[in-house]
Amino acid sequence: MKNLLGSILLLLALTATAQQTIYLPQKGGNGITTGEYSGTNGQIFDITEPRIDVYLPKTDKPVPMLLCCPGGAYQYVSIPNEGTYVAQWAMQQNIAVAVLKYRMPNGHENVPLEDALAAMRILRDSAKVWNLVPDKIGVIGFSAGGHLAGSLATMYTDRQTRPDFSVLVYPVLSMEQDTHKKTRKLLLGDNPTPMQIARWTLRNNVTPDTPPCFIVACQDDKVVPVSNSIDFYSALTANNVPAELLIMPVGGHGFGFQREIPQTAVFRQSLYHWLSEL
């Protein structure tokens, strides 16, 4: 009970540290008209007003920024494990974070990416106001949020929406047989066309201009096959894109930043070192 109370108080404290919430412009709807609601573990369902919660560390020096895309199989946004706790860790490292609360596809496959593109534009436009390092504005994503982050890194529309780097954590990166089937179904429907499958299998979109990438996954992941990460890393290597792939033998799926397990500590340390070397 003491641990549970402590977690609740920490979550409340972290939530209060968001300096501001910025709502994103929308190009088109996704057909969801029911009200937004939260799940028992803090997940957010049926988002109709996409937005970013901005967390800025207390420092006078310019800082990098992470656009954070929590996972949730394109069914919901997984807060706090892959959002609020990411911001807690990042601010301790003097890294700013914008947690993206994006809309679900609901038969409109481009909607989540449209929200990520809009968020990236806002981060670029606000770099001076928020005292960001202008060439260190990247994206981090988890599971299906890793697919969204990877989509942004490989399908950006211009220099303003191109992340300077990406971090993909136990990511869904394929829509082929080794995909996470629920993620594919909720993104592309029951019977996606070969063109849809090819487009959203992100290794097909890697070019020499794809930003540097850090990928982490576990060999024993029973939710998203580790081949998603390996094949994407191979595509990055083939295109001479600087990349690091961390595959841990155990750790499963969904450890995020909330679970205090050895794998989480290894991941955080490796990620901090990689970000420091950019």
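Since the structure is predicted, the reported quantities are computational estimates derived from the model, not experimental observations. (Residues numbered from 1 in each chain as written. Predicted model: local features only at pLDDT ≥ 70, side-chain atom pairs only at ≥ 80, totals over all residues. Heavy atoms only, no water.)

Draft legend 1. Quick peek at the packing of aromatic side chains. Overall, the coordinates contain eleven aromatic pairs when judged by the stated rule. Taking 6.0 Å as the distance between ring centres and 80° as the angle between the ring planes, the aromatic pair formed by Phe142 and Phe257 counts as edge-to-face. You can see Phe142 sitting in strand 8 (residues 132-142) and its partner Phe257 sitting in the loop between strand 11 (243-248) and helix 8 (262-277), a full 115 residues away along the chain. Judged by relative accessible area, Phe257 falls into the buried class, the value being 1%. Residues Phe255 and Phe267 carry aromatic rings whose centres are separated by 6.1 Å and whose planes lie at 70° to one another, so their mutual orientation is edge-to-face. In this pair, Phe255 sits in the loop between strand 11 and helix 8 while Phe267 sits in helix 8, placing the two residues twelve residues apart along the sequence. Just as Phe255 is buried, Phe267 falls in that class too. Connected via pairs of aromatic rings, a cluster forms that spans Trp89, Phe142, Phe165, Tyr170, Phe214, Phe255, Phe257, Phe267 and Trp274. (Phe/Tyr/Trp six-rings, centres within 6.5 Å; stacked < 30°, edge-to-face > 60°. Helix = DSSP H or I, 4+ residues; strand = E, 2+ residues; numbered from the N terminus. Buried < 20%, exposed > 50% of the residue type's maximum accessible area, 1.4 Å probe, protein only.)

Draft legend 2. Spotlight on the sheet that holds strand 3 (residues 44-45). The three strands lie next to each other as 2-3-6, forming an open sheet whose pairing is antiparallel. Edge positions in the sheet fall to strand 2 (37-38) and strand 6 (76-77), since each of these pairs with one other strand and no more. Examined bridge by bridge, strand 3 and strand 6 share two bridges and lie antiparallel to one another. Looking at strand 6, one finds that Phe45 is bridged to Tyr76. (Pairing = 2+ DSSP bridges.)

Draft legend 3. Local environment of the nonpolar core. Counting residues in each nonpolar core, the largest one holds 84 residues, and the members touching the most others are Ile52, Met65, Leu67, Leu100 and Leu271. The dominant element in this core, judged by the number of residues it contributes, is helix 3 (residues 111-125), at eight residues. For Leu67, the contacting residues outside a window of four places in its chain are Ile52, Ala98, Leu100, Ala116, Ala119, Met120, Leu123, Gly138, Val139, Ile140 and Leu152. (Core = buried A, V, L, I, M, F, W, Y, C linked by side-chain atoms within 4.5 Å. Contact = heavy atoms within 4.5 Å.)

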